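Next come the chains, spelled out residue by residue.
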Amino acid sequence: MAERVGILVVSYGAREVAMIDAFLRSTNYNVEVYVADKQRNPFNAKNAKAHVVIPDLNVEAICKFAEAHKDRIDFGIVGPEKPIIEGVRDLVEKRVGIPMICPTKEYAIEASKVQQRLLFQEAVPEVNPRFKIFRQEEFKTAEDARKTLYKWLDELGNMAVVKPDKPAAGKGVGVWGDHFTTREQLFEHFWENLRHGAVIVEEKIEGEESSFQAFCDGKHLVPLPETRDYKRAFDGDKGPNTGGMGSYKDAGEILPFMTAADRERELRIVNKIFDKWRASENNALRGIPFYVAFMHTGKESKILENNSRPGDPEIINILPVLKDDFVDVCFKILDGNLTRVEVEKAATVVTYKAPPSYGGYAEAFPELVEKTEINKPVDLTKAYELSKKYGERICVYPASMEIRNGETYALKSRAVCVVGISETIEDARNISLEGVKAIKGGALWHRTDIASKQHIEKSIRHMEALRKRK
Ligand code: AMP
Ligand code: GLY
């Protein structure tokens, strides 16, 4: 009989459902999961040995849950940034003695975009766009701040991006041409953010984005295949930034618009950052401490941000096609001897569905909202039934959903995603879309152009033009 393993999972949404699904597919171990969850997620509630709902995922409550089950838990893994930034690993390891897979509080660099830029400046300065850091205390009046800001905008020719230091502080990231088209609007965004802490104003970079992720055991960096996230809410990359409405991965390591040289450059960059920042305490950088959002410009690759956790949805493109047993991968991370992982040669496409209140959909398209369906139960049965047709080539992962009186309801964030897996992106996309369309109720909506041929060809043409320009 396979060895029993107990795993604590700190869960936010579909990203952690994908992790738990990967654990439950383990053939080497008989896995029990203990889930500290943001909501009563239907998949987690059904599959967990013990399940607790902690809506704000506060670290004290997570620690208490770990303590209550500590005799059955071998290790823990954390998806969402908030508990990582608040030091869940330090607390659970110290108080309960369960080893945790995520960076320590000190090494959760996602906590500060300013700290990230300064680290990159030391390790690989060429990955930073031109940037300046502003703090409110530097200015006597708003007019002072405006003058200094406009001087910087003169240097950047207005092509600027405004970024609050802390994740989800103030009005978030604002991009010239997308979120503002006048200096006054940019100033307003900047000033509102400055009330919440430091703000970076940096050069707007033109290019194509990709998400780099690597597992890390503290000593080794094990890169995963590249993925492309769709951050904007609506088709054609319109609307506000979201957590990501979907993503794709090609059959190989890179994306159709990237070259092998782009990927090699990324690896050089991330390794330099890792070398600079490798913790004195060797295992502090555990989990996925380097999720790096790259912008490829043709000749260079700039970093937009670094997260200290797996991407949502990006890790959902990888886990279903991981060839290694995910439990073994985790044990190797904990032992400090993870030197490689194997991923199937398959393309994967993730499409999310979200409620009308998410991503500004109801305001942008009021006529498209099925008003009588809002807050009604969502029926996932037909989507699950597609596994009769597609077997393991389809995964349906609930995210911001809860089970209540036997019915499934969408909450406020991205509600549910469907992963399609196949040899080509096109086929994987068709499976994902068929799954998404089979989900009924709750007035949920989705982007229809995730991984579309048109969208990918546009990226390819864009990169070709950029490479020629240099
Ligand atoms: P971030 O939270 O820093 O990843 O920013 C969110 C989104 O804003 C990114 O996915 C990009 O689309 C855009 N963005 C951020 N920084 C820049 C930049 N320097 N140049 C162009 N676009 C950017
Ligand atoms: N999809 C972007 C992120 O996980 O931050």
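Provided above is the structure to which this section pertains.
Residues numbered from 1 in each chain as written. Chains lettered and ligands numbered in written order. Predicted model: local features only at pLDDT ≥ 70, side-chain atom pairs only at ≥ 80, totals over all residues. Heavy atoms only, no water.

Draft legend 1. Highlighting the packing of aromatic side chains. One pass over the structure, following the stated rule, counts 19 aromatic pairs. Relative to Phe 290, the ring of Phe 274 has its centre 6.0 Å away and its plane inclined at 80°; by these criteria the two rings are edge-to-face. Highlighted residues: Phe 274 in helix α9 (residues 260-277) and Phe 290 in strand β16 (residues 286-296), separated in sequence by 16 residues. Between Tyr 361 and Trp 445, the aromatic rings sit 4.3 Å apart at their centres with planes inclined by 10°, giving stacked as the arrangement. Of this pair, Tyr 361 sits in helix α11 (residues 361-364) while Trp 445 sits in the loop between α14 (425-437) and α15 (453-469); the two residues are 84 residues apart in sequence, bridging distant segments of the chain. Ring-pair connections join several aromatic residues into one group, and the members of that group are Phe 23, Tyr 29, Phe 75, Phe 215, Phe 326 and Phe 331. The ring of Trp 152 has Lys 132 sitting right over it, with the charged end atom 4.6 Å from the ring centre. Positioned above the aromatic ring of Tyr 409, the side-chain terminus of Arg 404 is 4.0 Å from the ring centre. (Phe/Tyr/Trp six-rings, centres within 6.5 Å; stacked < 30°, edge-to-face > 60°. Helix = DSSP H or I, 4+ residues; strand = E, 2+ residues; numbered from the N terminus. Lys NZ or Arg CZ within 6 Å of the ring centre and 35° of its normal.)

Draft legend 2. Focus on helix α6 (residues 113-123). For α6, the set of buried residues is Lys 113, Val 114, Gln 116, Arg 117, Leu 119, Phe 120 and Ala 123. On its buried face, α6 is in contact with β6 (131-134), β7 (160-164), β9 (199-203), α9 and β17 (301-307). The opening residue of α6, the one whose side-chain oxygen lies 3.3 Å from the backbone nitrogen of Val 114, is Ser 112. (Buried < 20%, exposed > 50% of the residue type's maximum accessible area, 1.4 Å probe, protein only. Contact = heavy atoms within 4.5 Å. Polar contact = N/O pair within 3.5 Å; in protein donor to acceptor, adjacent residues only side chain to side chain.)

Draft legend 3. Highlighting the packing of helix α7 (residues 142-156) against helix α8 (residues 183-194). For the pair α7 and α8, interaxial distance at closest approach is 11 Å and the crossing angle is 120°. On the basis of the axis angle, α7 is oblique to α8. The chirality of how α7 crosses α8 is right-handed. Across the interface between the two elements, Ala 142, Ala 145, Arg 146, Leu 149, Tyr 150, Leu 153 and Asp 154 from α7 touch Arg 183, Glu 184, Leu 186, Phe 187, Phe 190 and Trp 191 from α8. (Axes fitted to C-alpha atoms, helices over the stretch in contact; angles between N-to-C directions. Parallel < 35°, antiparallel > 145°, perpendicular 65-115°, else oblique. Left-handed = near helix turned anticlockwise from the far one by under 90°.)

Draft legend 4. Region of interest: the site of ligand 1. The environment of ligand 1 is made up of 15 residues, and the closest members are Glu 202, Glu 203, Ile 205, Glu 209 and Glu 305. Between ligand 1 and Glu 202, the relevant distance is 2.9 Å, taken from a nitrogen atom to a side-chain nitrogen or oxygen of the residue. At 3.4 Å, a side-chain N or O of Lys 231 approaches an oxygen atom of ligand 1. Coverage of ligand 1 by the protein amounts to 91% of the 470 Å² it exposes when considered alone. (Near = heavy atom within 4 Å. Areas by Shrake-Rupley, 256 points an atom, 1.4 Å probe, with all protein chains shown as cover.)

Draft legend 5. Inspection of the sheet that holds strand β12 (residues 228-229) at higher detail. Read from one edge to the other, the open sheet built from 5 strands follows the order β12-β15-β18-β22-β19, with strand pairing classed as antiparallel. Each edge of the open sheet is held by one strand with a lone partner, namely β12 and β19 (394-398). The sheet contact formed by strand β18 (residues 347-353) and strand β22 (residues 416-422) spans 7 bridges and is antiparallel. For Val 349, the partnering residue across the bridge sits in β22 and is Gly 420. (Pairing = 2+ DSSP bridges.)

Draft legend 6. Here's a closer look at α8. Compared with the 16 Å implied by 1.5 Å per residue over 12 residues, the 16 Å span of α8 between its first and last C-alpha is a close match. Taken together, the buried positions of α8 are occupied by Leu 186, Phe 187, His 189, Phe 190, Asn 193 and Leu 194. Around the axis of α8, the buried residues are gathered within 165° of arc, so they sit on the same side. The secondary structure elements touched by the buried residues of α8 are β6, α7, β7, β8 (174-175) and β9. (Expected span 1.5 Å × (residues − 1). Arc of directions from axis to C-beta.)

Draft legend 7. Focus on the side chain of Glu 32. Topologically, Glu 32 is positioned in strand β2 (residues 29-37). A relative accessible area of 11% places Glu 32 in the buried class. At a separation of 2.8 Å, a polar atom in the side chain of Glu 32 contacts the side chain of Arg 72. Aside from chain neighbours lying at most four places away, what touches Glu 32 is Arg 4, Val 5, Gly 6, Ile 7, Lys 49 and Arg 72.

Draft legend 8. The site of ligand 2, seen in detail. Ligand 2 sits among Asp 229, Gly 243, Tyr 291, Asn 307, Arg 309, Gly 311, Asp 312, Pro 313 and Glu 314. Within the contact set of ligand 2, a nitrogen atom lies 2.8 Å away from a side-chain nitrogen or oxygen of Asp 229. Contact with the protein chains covers 92% of the free accessible surface of ligand 2, which is 190 Å². Here the residues of the shell around ligand 2 sort into 2 nonpolar, 3 polar and 4 charged. (Nonpolar A, V, L, I, M, F, W, Y, C, P; charged D, E, K, R; others polar.)

Draft legend 9. Local environment of the sheet that holds strand β11 (residues 221-223). Strand order in the open sheet made by the 4 strands is β11-β10-β16-β17, with antiparallel pairing throughout. For this open sheet the edge positions go to β11 and β17, each flanked by a neighbour on one side alone. In this sheet, neighbouring strand axes are inclined to one another by 30° on average, regardless of whether the strands run parallel or antiparallel. Direction of pairing for strand β10 (residues 208-217) relative to β16: antiparallel, over a ladder of 9 bridges. Note that in β16 the partner of Ala 214 across the bridge is Phe 290.

Draft legend 10. Fine view of the pairing of strand β21 (residues 407-410). Pairing geometry for strand β20 (residues 401-404) and β21, over 4 bridges, is antiparallel. Across the sheet, the residue bridging to Met 401 is Ala 410, located in β21. The antiparallel pairing of β20 with β21 creates a hairpin that spans 2 residues between the two strands, and Asn 405 there sits at a positive phi of about 50°.

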